[in-house]
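Structural description and commentary
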Amino acid sequence: MSAEVQSSKGPELPDQPPSHGDHAEARLLEPVATVVRGAYRLFLVGLVAGTVGPLVGTKLGLMWSGPNVCVDSRSDFSTDGFASRFRPHAGVEVMTRPSYCADHADGAQRLFDFLGGFPSLLLVLGILFLLNRLIKGASREGVFTTRTAKHLRVAGWWLLLGCLVAEVVEAGAHAALLATLAQDYPFTAESWLGTWQPPYALVFTALGILTFARVMRAGVAMREDLEGTV
């Protein structure tokens, strides 16, 4: 009798609800999960090599490793006097952009050269770290969770503010370094603004991430309400 009653009730349901971080949701993170993990590890290896390389005397150093410091003027000039070397067609004007290099750069020039690229390096390292943390948390706890939406929002703010600050700092360092190498380029606010290039692509990407994080947070709240109702 008990067997008949049990068969009429159908299959037994598990006592615990299925985990949100199952394989189905983990597959939603691909292929970005694999790419971010690989890029983050390679970036860390390159950063360690770039830092340790100059200390051990190798050529792997990415910063402070060369005797020369060079910077472009970012202003084009006509090459009327040297047009014969470039052999342009009739009616074509050749433009060139001079590059200034210091054979034996001093400490200030090396600092400006360092600041001309380090903020972007830090920006990339930070966004890879935040995305890697987001992917680990989403793989463990589930994609559609409040924590995942929070991590995504933090990554969006880091990218938005970081790209703006990095571009401002690098533009100022570029203008300051050029002022130490060329007499016709004094360091002024105008030269700083002339060197600054707004990172439109990164700004729109960051805004898209922030919008998606808000949508995900609203979706998580709706999901929790439905689960509570059911």
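Up top you'll find the structure we're talking about.
Time to look at the state of the cysteines. Overall, the coordinates contain one disulfide when judged by the stated rule. There is a disulfide in this structure between Cys-70 and Cys-101, and the S-S distance comes to 2.0 Å. Across the S-S bond linking Cys-70 and Cys-101, the dihedral sits near 115°, which makes this disulfide right-handed. Of this pair, Cys-70 sits in strand S1 (residues 69-72) while Cys-101 sits in strand S4 (residues 99-102); the two residues are 31 residues apart in sequence, bridging distant segments of the chain. Owing to a relative accessible area of 44%, Cys-101 belongs among the partly exposed residues under this scheme.

For Thr-180, the position within the fold is in helix H7 (residues 146-181). Linking Thr-180 and Tyr-100, residues 80 residues apart in sequence, is a C-alpha distance of 9.9 Å. For Thr-180, the contacting residues outside a window of four places in its chain are Gln-109 and Phe-112. A polar contact is formed between the side chain of Thr-180 and the side chain of Gln-109, at a distance of 3.5 Å.

Residues of S1 alternate between two faces, with Val-69 and Val-71 buried on one and Cys-70 and Asp-72 left unburied on the opposite face. With four bridges connecting them, S1 and S4 associate as antiparallel partners. The residue bridging Cys-70 from the neighbouring strand is Cys-101, located in S4.

Another point: the environment of His-151. Summarising the element assignment, His-151 is placed in helix H7. For His-151, a relative accessible area of 11% corresponds to the buried category. The spatial distance from the C-alpha of His-151 to the C-alpha of Arg-133 is 7.7 Å, given a sequence separation of 18 residues. Beyond its immediate stretch of four places on either side in the chain, His-151 contacts Arg-133 and Leu-134.

Let us look at the environment of Leu-210. Looking at the element boundaries, Leu-210 is found in helix H9 (residues 200-229). Assessed through its relative accessible area of 15%, Leu-210 is described here as buried. For the pair Leu-210 and Val-154, spaced 56 residues apart in sequence, the C-alpha to C-alpha distance is 8.4 Å. Ignoring sequence-local partners within four residues, the contact set of Leu-210 consists of Arg-153, Gly-156, Trp-157 and Leu-160.

A complete count under the given rule lists two salt bridges for this structure. Two residues, Glu-141 and Arg-140, come together in a salt bridge whose shortest N-O distance is 4.0 Å. The exposure class of Glu-141 is partly exposed, given its relative accessible area of 29%. Using a relative accessible area of 58% as the deciding quantity, one classes Arg-140 as exposed. Linking Arg-147 and Glu-141 is a salt bridge whose minimum nitrogen-to-oxygen distance equals 3.2 Å. Its relative accessible area of 46% is what places Arg-147 among the partly exposed residues. Salt bridges here are not isolated pairs; linked through shared partners, they connect Arg-140, Glu-141 and Arg-147.

Below, the discussion takes up the side chain of His-174. The residue His-174 is located in helix H7 in this model. Its relative accessible area of 12% is what places His-174 among the buried residues. Filtering out sequence-adjacent residues up to four positions away, His-174 remains in contact with Val-71, Asp-72, Arg-74 and Thr-195.

Before going further, it helps to examine the packing of helix H5 (residues 107-115) against H7. Think of two packed helices as two axes; the pair is described by the angle between the axes and how far apart they sit. Between H5 and H7, whose axes approach to 8 Å, the crossing angle comes to 150°. The angle between H5 and H7 falls in the class roughly antiparallel. Crossing of H5 against H7: the hand is left-handed. Packed against H5, whose contacting residues are Gln-109, Phe-112, Asp-113 and Leu-115, the element H7 presents Val-169, Glu-170, Ala-173, Ala-176, Leu-177, Thr-180 and Leu-181 at the interface.

Procedures and definitions
Residues numbered from 1 in each chain as written. Predicted model: local features only at pLDDT ≥ 70, side-chain atom pairs only at ≥ 80, totals over all residues. Heavy atoms only, no water. Disulfide = S-S within 2.5 Å. Helix = DSSP H or I, 4+ residues; strand = E, 2+ residues; numbered from the N terminus. Buried < 20%, exposed > 50% of the residue type's maximum accessible area, 1.4 Å probe, protein only. Contact = heavy atoms within 4.5 Å. Polar contact = N/O pair within 3.5 Å; in protein donor to acceptor, adjacent residues only side chain to side chain. Pairing = 2+ DSSP bridges. Salt bridge = Lys/Arg side-chain N within 4 Å of Asp/Glu carboxyl O. Axes fitted to C-alpha atoms, helices over the stretch in contact; angles between N-to-C directions. Parallel < 35°, antiparallel > 145°, perpendicular 65-115°, else oblique. Left-handed = near helix turned anticlockwise from the far one by under 90°.

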